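Here is how the chains run, residue by residue.
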Amino acid sequence: MLNDFYKQFKSGTDIRGIASDGVEGEVLNLTNEAVKNMAGGFAMWLSQKLSKKASDLKISIGRDSRISGERIAEVVKNTLVSLGCNVIYTDYASTPSMFMTTVDLGCDGAVQITASHHPFNRNGLKFFTRQGGLEGSDITAILQYAQDEVTPEITTEGSCEYINYMEQYCENLKDLIKKEVNAENYDLPLDGFKIAVDAGNGVGGFYAYKVLAPLGADVSGSRYLDPDGMFPNHVPNPESPVAMKAISEAVIESGSDLGVIFDTDVDRGAVVDSKGNEINRNRLVALASTIALENCEGGTIVTDSITSDGLKEFIEKTLGGKHYRYRRGYKNVIDKAIELNAQGIPCPLAIETSGHAAMQENYFLDDGAYLCTKIIIKAAQLRREGKDISDLISSLKEAKEEKEIRIKITDPEFRARGEKVIAQLTEYAEKAEGWQVADDNREGIRVSFDKQNGDGWFLLRLSVHDPIMPLNIESNQEGGVEIIYSHLTDFFKTTEGLDI
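Residues numbered from 1 in each chain as written. Predicted model: local features only at pLDDT ≥ 70, side-chain atom pairs only at ≥ 80, totals over all residues. Heavy atoms only, no water.

Undergrad: What is the right way to look at the packing of helix α9 (residues 281–292) against helix α12 (residues 368–383) in this model?
TA: A pair of packed helices is captured by two measures, namely the crossing angle of their axes and the spacing between those axes. Closest axis-to-axis distance for the α9/α12 pair is 10 Å, and the angle between their directions is 70 degrees. Considering the angle they form, α9 stands roughly perpendicular to α12. Relative to α12, α9 is oriented so that their crossing is left-handed. Contact residues: L284, L287, A288 and I291 in α9; L371, K374, I375 and K378 in α12. When its residues are assigned to classes, the contact of α9 with α12 shows six nonpolar, no polar and two charged. (Axes fitted to C-alpha atoms, helices over the stretch in contact; angles between N-to-C directions. Helix = DSSP H or I, 4+ residues; strand = E, 2+ residues; numbered from the N terminus. Parallel < 35°, antiparallel > 145°, perpendicular 65-115°, else oblique. Left-handed = near helix turned anticlockwise from the far one by under 90°. Contact = heavy atoms within 4.5 Å. Nonpolar A, V, L, I, M, F, W, Y, C, P; charged D, E, K, R; others polar.)

Undergrad: Where do I start with the packing of aromatic side chains in this structure?
TA: Each aromatic ring pair is summarised here by two numbers: the centre-to-centre distance and the angle between the ring planes. All chains considered together, the criterion is met by 17 aromatic pairs. Pairing F42 with F127 gives two aromatic rings, centres 4.5 Å apart and planes at 20 degrees, and the pair type is stacked. Of this pair, F42 sits in helix α2 (residues 32–50) while F127 sits in strand β6 (residues 122–129), placing them 85 residues apart in sequence. Looking at F42, the relative accessible area reads 0%, which means it is buried. By relative accessible area, F127 is classed as buried at 2%. Considering the side-chain rings of Y428 and F491, the 5.4 Å spacing of their centres and the 55 degrees angle between planes classify their relative orientation as tilted. Linking Y428 in helix α13 (residues 414–431) with F491 in helix α14 (residues 480–492), this pair joins segments that are 63 residues apart in sequence. The partly exposed category is assigned to Y428, whose relative accessible area is 32%. Looking at F491, the relative accessible area reads 2%, which means it is buried. Among the aromatic residues, ring-to-ring pairing joins Y428, W435, F449, F458, F491 and F492 into one connected group. (Phe/Tyr/Trp six-rings, centres within 6.5 Å; stacked < 30°, edge-to-face > 60°. Buried < 20%, exposed > 50% of the residue type's maximum accessible area, 1.4 Å probe, protein only.)

Undergrad: Hey, could you run me through the sheet that holds strand β10 (residues 258–262) in this one?
TA: Pairing between the strands of a sheet is mediated by backbone hydrogen bonds and can be parallel or antiparallel. Spatial strand order, β9-β10-β11-β12: four strands in an open sheet with mixed pairing. The strands lining the two open edges of the sheet, one partner per strand, are β9 (195–198) and β12 (278–279). For strand β11 (residues 269–272) and β12, the ladder comprises two bridges, and the chain directions are antiparallel. Along β12, the bridge assignment pairs V272 with E278. (Pairing = 2+ DSSP bridges.)

Undergrad: What is the right way to look at the pairing of strand β20 (residues 445–449) in this model?
TA: Looking down a regular strand, the side chains alternate between one sheet face and the other. Of all five residues in β20, five are buried, a share of seventy percent or more. Every second residue of β20 is oriented toward a common face, with I445, V447 and F449 on one face and R446 and S448 on the other, all of them buried. Across two bridges, strand β19 (residues 436–437) lies against β20 in antiparallel orientation. Residue Q436 lies in a different strand from β20, and its bridge partner there is S448.

Undergrad: I tried to follow the state of the cysteines on my own but got confused; where do I start?
TA: Note on terminology: a disulfide is the covalent bond linking the sulfur atoms of two cysteines. Considering all chains together, one arrives at zero disulfides under this definition. This cysteine, C107, is not joined by any disulfide, and C160 carries the nearest cysteine sulfur, 11 Å off. (Disulfide = S-S within 2.5 Å.)

Undergrad: Help me understand the sheet that holds strand β17 (residues 365–366) in this model?
TA: Across the sheet, five strands lie side by side as β14-β13-β15-β16-β17; this open sheet has mixed pairing. Strands at the two margins of the open sheet, each flanked by one partner only, are β14 (322–325) and β17. Pairing between strand β15 (residues 349–351) and strand β16 (residues 357–359): three bridges, direction antiparallel. What sits directly across from I351, in β16, is A357. Contacts between α9 and the sheet are confined to β13 (300–303), β15 and β16, with β15 contributing the most and set at about 170 degrees to the helix. Against the sheet, helix α10 (residues 309–318) engages β13 and β14, with an angle of about 145 degrees to β14.

Structure representation (structure tokens):
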């Protein structure tokens, strides 16, 4: 069983910790010793999973732009080489590209050093095999090996080779654009197209100057392309209003036809149209669904649980697809889509409102650059018809108001307490007049209300990792969120273990 020290690093399907000083009250815990043990734990886990000696393992290592990335990369490299592994080091790399090393370079496993959009002082380790990202149980096993300092038997010294894999990754994306746009000038399919890219000083700057510009695109309106692990301009996060405002401004000021924004390690992305209108969250899901269902008529789109009623109507009535709401957590959504496909239910897309989008045609890999590439291809095709990308989702009905309230759970046994509250609210809702409990919800409880009672819905669920119960409310009328919330106040007064 994991002790408190190693337990703190488990973050769903990743390992994360405090890797740099500089934030008051946050003590560095992702030390060289801890990282060494974690790298050894991954080698042990991979060796056992594949029934291979460490000396027969080929493992790639990459990192995002965080200030602690180089230090951690050195520890991981040296550890794996000392255990006999054959290491490929890519230096700066996107997280999705690290999975692709298992496809293009024949790696048995991959390690990406990243903490996504989290603050500069955080970092972590994300692992891949040829089957994709690891499950939470795999992370627990790796941390257990790390805690116990269990590593594979050493039979020989390993090796380390530097490969600039991002060059090949970019070539793959360029080839995809050329093929699917199929322009008259085949090698310059984006000629005359102006696209602004905001990498937020993460590692996504490659997309502007290695993918778009060589295809003829004008990327002069781009911002923050240079890696800087202090993230001095804004948090690299497509869910951040500040970040989305930055890319919208960049598009408008430069007169670009489209804007693209990534998170730090490029596994998430979002876009803005030529008028600077944000296409993220429900809009991004609608746009991605439109593209995914073109070649999968009647297919199923798997999303997380907090997607809107308007999105469900858009997918099912406008696009003719099916909408499968599932649990929050991008890996949950991806795993469910893979499961449905295995059952013979065509599912071309798994997407979370946070911007994680995984397409069946791309190994169900959540890849922000791939998603934005598919959107740019569609935008280039529409441009021939004098249309804008936002025309595809013009019929999407959007809520007038929305709000998220994060309710703290004070009970130390927070998961049991949260589950009990949800059970109590379900019983309460089923008896309450005018409350319509959703029959297609698979996380927490979702309830809809008519026009007299707020004209919208709420979803109360338990956070994936934290002692928090997020309450999401949407309404189609002004003042509706407050009306819906007022329906809940009497219930919350009867609960225990919550800070209301």
